[in-house]
Amino acid sequence: MTRLSFPSGRDRTKWLLALLALVAAIWVGHPALALVVGTAVSLALAPSVPAYIDQAGKLCLKAAIVVLGFSLNIEVLWRTSSEYSGLIVAFVGCTLVAGLIIGRLIRVDDDQSRLLSTGTAICGGTAIVTLAPIIRARPESVAICIGIVFILNAVAILVLPWLGDYLEMTQDQFGVWVALAIHDTSSVVGAAAIFGDRALEVATTVKLVRTLLLVPVALVAGILMRQSETKLRIPMFLVLFVAASLVGSLLQPPVEVIAHVKAASRFLLIVALFFIGMEIRRSTIASLNGRAIWLSLLLWSILLPVTLVVALAW
């Protein structure tokens, strides 16, 4: 029987500091900060991460995705998104292809190319953490990609509303633009809310449909990554994600319940990202290159003007 080994002496002090850092990250409640703090703890204290801690982080990650599914109402999405569904599907498909092609041309690591392409095409960090276990991405690749996406989202919230005002965009045009051009849902909502209520309504609707495409994309990725195996297995957490979405649509819980569900999902994601950050080693940082950053910047520099033209013409 395998016995658990507990830290002692100096290692115990390191783990106490790591625990305090996790509590601080949870209290602040920002996913990007959790990732940064987890990475800082690993680099500064260099604690050895036990296997059960690694598994707990992955479990939190999957649970966060499943819980999030409960807040997605399939009926509302279907009814309100018909006008933009074709545009969304075309955008996601073209972005995925463009990202993979650019990644191949500039020789980006396969894990990072797939994660960044999917995150840019669908829903940023949520897409990255959903796809990561399916393609068996390394923890450092997940952390790097999420960090890049968070930075671009912060820039988008600050810059895009100003550009929308400067270009005298309508509420509908701006809502469509940010829903396609920004990675994460929270950043889409933040930028649209700055611009106006109608922009927020349009942006939220388009973005939720875009997020829903994560399910077929992830399922296809699962099939492709396992085609050489004798036994095909669809990741159970994706099945539970779809089931949670259906249950939420049928029960139609009150706004207060949805708010608690989203808070629970956010809490689990923060814990998971903290542990993902802790899995980054100094040797990993030393081996990094700027190709993942170049892929994100090149892909985004193409998508921003293209989606702007589409939003203005739609």
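What counts, and at which threshold
Residue numbers restart at each chain and count upward from 1, following the sequence in its written direction. For this predicted model, a pLDDT threshold of at least 70 governs which residues receive local features, and a threshold of 80 or more governs which side-chain atom pairs are given and counted, while totals over whole chains, interfaces and linings are taken from all residues. Computation of side-chain values covers all heavy atoms of the structure but excludes hydrogens and water. Relative accessibility under 20% of the residue-type maximum defines a buried residue, over 50% an exposed one, and the middle range a partly exposed one, all with a 1.4 Å probe and only protein chains included. Secondary structure counts use DSSP, requiring at least four H or I residues in a row for a helix and at least two E residues in a row for a strand, with both numbered from the N terminus. Think of each axis as a best-fit line through the C-alpha atoms, taken over the contacting stretch in the case of a helix, with angles from 0 to 180 degrees between the N-to-C directions. Whether a crossing is left-handed or right-handed is set by the direction in which the near helix is turned from the far one by less than a right angle, anticlockwise for left-handed and clockwise for right-handed. Every residue pair with non-hydrogen atoms within 4.5 Å of one another is taken to be in contact. Classes in brief: Ala, Val, Leu, Ile, Met, Phe, Trp, Tyr, Cys and Pro nonpolar; Asp, Glu, Lys and Arg charged; the others, Gly included, polar. Multiplying one less than the number of residues by 1.5 Å gives the expected span of a helix. Remark: nonpolar core denotes a set of buried residues (Ala, Val, Leu, Ile, Met, Phe, Trp, Tyr, Cys) joined through side-chain atoms within 4.5 Å. For the charge count, each Lys or Arg is scored as positive and each Asp or Glu as negative, with His and the chain ends excluded. Salt bridges are defined by distance alone: a side-chain nitrogen of Lys or Arg within 4 Å of a carboxyl oxygen of Asp or Glu. By the criterion applied in these results, polar contacts are pairs of N or O atoms within 3.5 Å in which, for protein atoms, one can donate a hydrogen and the other can accept it, and in which residues neighboring in sequence qualify only through two side-chain atoms. For every residue, the predictor reports its confidence as pLDDT, a number between 0 and 100.

What sets the pattern is the α-helix's 3.6 residues per turn: residues three or four places apart point alike. Within helix α9 (residues 171–181), nine of the 11 residues are buried, which leaves it mostly tucked inside the rest of the structure. The complete set of buried residues in α9 reads Q173, F174, G175, V176, W177, V178, A179, L180 and A181.

The subject of this paragraph is the packing of helix α6 (residues 110–121) against helix α8 (residues 139–166). The contact between α6 and α8 brings their axes to 9 Å, and the two run at 40 degrees. The interaxial crossing formed by α6 with α8 has right-handed handedness. Of the residues in α8, those touching α6 at D111, Q112, L115 and L116 are S141, V142, I144, C145 and V149. Looking at the contact of α6 with α8 residue by residue, the classes come out as six nonpolar, two polar and one charged.

A word on unusual backbone geometry. Here the phi dihedral of R107 falls at roughly 60 degrees; this positive angle occurs in a residue that is not glycine. Tracing the backbone through its elements, the reader meets R107 in the loop between α5 (85–105) and α6. Given the relative accessible area of 64%, R107 is considered exposed. Phi is positive for R136, close to 60 degrees, though the residue is something other than glycine.

Once that is clear, we can look at helix α7 (residues 124–135). In a regular helix each residue adds 1.5 Å, so 12 residues correspond to 16 Å; α7 covers 16 Å between its end C-alpha atoms and thus fits that length. In terms of burial, α7 is a largely internal element, 10 of the 12 residues being buried. For α7, every residue scored as buried is listed here: G124, G125, A127, I128, V129, T130, L131, A132, I134 and I135. Of the residues trailing α7, R136 is marked for its positive phi of about 60 degrees.

Turning our attention to the environment of S42. Assignment of secondary structure puts S42 in helix α2 (residues 31–45). As a C-alpha pair, S42 and M278 span 236 residues in sequence and 4.8 Å in three-dimensional space.

This part takes up the side chain of T118. Relative to the elements of secondary structure, T118 occurs in helix α6. On the basis of relative accessible area, T118 is assigned to the buried category, the value being 5%. If we ignore the near neighbours within four places in the chain, the residues touching T118 are L96, C123, A127, L131 and V217.

Ranked by size, the top nonpolar core spans 84 residues in total, and within it L115, L160, W177, V178 and F274 carry the most contacts. The element that contributes the greatest number of residues to this core is α8, accounting for 11 residues. Those residues in contact with V178 that sit more than four places away from it in its chain are L160, V188, A191, A192 and A203.

What follows is about the environment of L299. For L299, the location among the structural elements is in helix α16 (residues 291–313). Residue classification places L299 among the buried residues on the basis of a relative accessible area of 2%. The sequence separation of L299 and L100 amounts to 199 residues, and the corresponding C-alpha distance is 9.8 Å. When near neighbours in sequence (up to four residues on either side) are disregarded, L299 contacts T95, A98, G99, I102 and T120.

This next bit is on the side chain of R210. Within the element layout of this structure, R210 appears in helix α11 (residues 197–212). Although R210 lies buried, it forms no salt bridge, and the closest oppositely charged side chain, D184, sits 8.2 Å away as judged by the N-O distance. Of the polar contacts made by the side chain of R210, one reaches the backbone oxygen of I122; its length is 2.8 Å. Setting aside anything within four residues of it in sequence, one finds R210 in contact with I88, F91, V92, G119, T120, A121, I122, A179, L180, A181, I182 and H183.

A word on the pattern of salt bridges. Summed over all chains, the structure comprises two salt bridges. For R138, the salt bridge identified is with D109, shortest N-O distance 2.9 Å. Of this pair, R138 sits in the loop between α7 and α8 while D109 sits in the loop between α5 and α6, placing them 29 residues apart in sequence. R138 gets classed as partly exposed once you look at its relative accessible area, which sits at 33%. Overall, the relative accessible area of 29% leaves D109 in the partly exposed class. For R138, the salt bridge identified is with D111, shortest N-O distance 3.1 Å. Of this pair, R138 sits in the loop between α7 and α8 while D111 sits in helix α6, placing them 27 residues apart in sequence. Put simply, D109, D111 and R138 are held in one network by salt bridges that share partners.

A word on the confidence of the model for the protein chain. Per-residue confidence for the protein chain gives a mean pLDDT of 78; residues scoring 70 or more make up 81%. A low-confidence stretch, residues 1–6 stays under pLDDT 50, and its non-local contacts, those more than four residues away or across chains, total two contacts. Here residues 227–233 is a poorly scored stretch, pLDDT under 50, and it has four contacts once near neighbours within four places are set aside; other chains count.

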